Every structure is written in structure tokens, then in C-alpha cells.
Amino acid sequence: GENVEQHPSTLSVQEGDSAVIKCTYSDSASNYFPWYKQELGKGPQLIIDIRSNVGEKKDQRIAVTLNKTAKHFSLHITETQPEDSAVYFCAVPSRGSQGNLIFGKGTKLSVKP
Amino acid sequence: ETGVTQTPRHLVMGMTNKKSLKCEQHLGHNAMYWYKQSAKKPLELMFVYSLEERVENNSVPSRFSPECPNSSHLFLHLHTLQPEDSALYLCASSQRDGPYEQYFGPGTRLTVT
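What comes next concerns the included structure. (Residues numbered from 1 in each chain as written. Chains lettered and ligands numbered in written order. Predicted model: local features only at pLDDT ≥ 70, side-chain atom pairs only at ≥ 80, totals over all residues. Heavy atoms only, no water.)

1. Some details on the interface of chain B and chain A
- Between chain B and chain A, the contact holds 23 residues from the first and 22 residues from the second.
- Between Glu101(B) and Arg51(A) there is a salt bridge, with its nearest N and O atoms 3.4 Å apart.
- At the level of secondary structure, the elements contributing two or more residues to the side of chain B that touches chain A comprise strand 4 (31-37), strand 5 (44-50), strand 9 (87-94) and strand 10 (103-104) of chain B.
- At three residues, the largest contribution of residues to the side of chain B that touches chain A is made by strand 4 of chain B. (Contact = heavy atoms within 4.5 Å. Salt bridge = Lys/Arg side-chain N within 4 Å of Asp/Glu carboxyl O. Helix = DSSP H or I, 4+ residues; strand = E, 2+ residues; numbered from the N terminus.)

2. Considerations on the sheet that holds strand 6 (residues 56-59) of chain A
Residue and element names in this part refer to chain A.
- Reading across the sheet, the five strands line up as 1-3-8-7-6 and stay open at both edges, with antiparallel pairing between neighbours. On the outer flanks of this sheet lie strand 1 (4-7) and strand 6, each paired with one strand and no other. When the angles between neighbouring strand axes are averaged without regard to direction, this sheet yields 15°.
- Note: strand 1 against strand 3 (residues 19-25), four bridges, orientation antiparallel. By the bridge assignment, His7 is partnered in strand 3 with Lys22. (Pairing = 2+ DSSP bridges. Axes fitted to C-alpha atoms, helices over the stretch in contact; angles between N-to-C directions.)

3. As for unusual backbone geometry
- Cis geometry marks the peptide bond from His7(A) to Pro8(A); its omega dihedral reads -5°.
- Looking at where Pro8(A) falls in the secondary structure, it is placed in the loop between strand 1 and strand 2 (10-14).
- Here the amide bond leading from Thr7(B) into Pro8(B) is cis, since omega sits at -10°, within 30 degrees of zero.
- Topologically, Pro8(B) is positioned in the loop between strand 1 (4-7) and strand 2 (10-13).
- One non-glycine residue, Lys71(A), lies in positive phi territory at about 55°.
- If you trace the backbone, Lys71(A) turns up in the loop between strand 7 (62-67) and strand 8 (72-77).

This is how it looks when you write it as C-alpha cells:
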């Protein structure tokens, strides 16, 4: 079945620096790549997603890049702020299960003021 | 916060108790999901309902019993649970025929004593 690897598992940055989280996947037919943010005590929230027909998508300080050849996609957060501290999850569609997602193991991001 | 609500937010139960978790979505979606989230583990898909029919059961023990009376409500009935079942139980909803965006509720923190 589909496999998704997420790195790093933890990431600590200084406020104002950039943070990058990377996910690799195995199914070359995957066509949808979302990123979720989970704050303490809350459920995951979709923050940005990208489809396979584009290589990059940006929304203010966050961006996602996709390399279909290498089968990886990354979340970029620029000018990090303390409120960016959370656990971030990538996901890919589950092959053969329309609508299901397979999630990475998560990255705990800490932004130090 | 989101269009998906879950009750209760916290639940403590003994191994011989019977309890139910409730999820309600106000997004007009036709698919609903139950996930289990344990410490240091990825999101584990438990059940999927599409148009009120169960379409997936990921080898979940029978002590967990889902119910979907309509497209807006989802329940998870619990009985004779084990301490290792303690986790955050998350409900999500989406449109089943894509484009896959899943929206999560805040979760129920379950502790089995």
C-alpha cells in the first residue's frame, strides 16, 4: 500500500527563521498533498494543500512545493512566529480508497521567541 | 472553531463501562471518519462512512462499534475497553468523491482506567 515518510520528527527554530518539513511518498499516482497543523488540545486543521498539476503553492507565510519525479513534497514556513508552534502532518490519498488519507507521523515545531 | 463538533471533549471510563462518543458535522459533507491518535503514533484510520454506509473498517476490535444514522452524525460506541485504548479520538468529514479535504473535530480525550 501507500507509504508516507515525514522528516524531521522535531524541529526547533528561532522566531523569524524559516522552517521546512519534508514528506516522501511511494505511490506515483498520488495527486493530492495536504498539510495539517495540530495545536495542543485541538484537532488537525488543513492549512494548505497542492494538487499534482502544480509545483508550488503559497499562502502568505506558508508554501508547499511538490516534486513528482522524486515523489516528495515540502512545507515551508517563513518568518516563523511563536504561534506557529504545533505538530504538522502531511498526508497523501490512500490508493484504492477514494477519499481516504494516509498521514505522516508528524513534526513537532517549536518556535523560540 | 470548525464545522465539526465532538462530545464529550474528555471521558474517563472503567473497563466494564459502556459509553458513546458523538460527532456532528455542519459542512454538508457525505463522508465521515473516525481516527485514533495515540502518543507518538500517526493518525490511525478506524472507520469510514460514505452516504451513511460503512465502507471501511481497518481491523478495529469489536469493542469499538460505529453508527452513522445520517450524513451529519456519527457515533462511536465503546464497551469493555482496555487501558491501551486510551487516546484522542478524532472525527472528520469530507466529500467522498474528492477533492479529499478532510475537516477534523477537536477530538475526545479518552482515558480507560
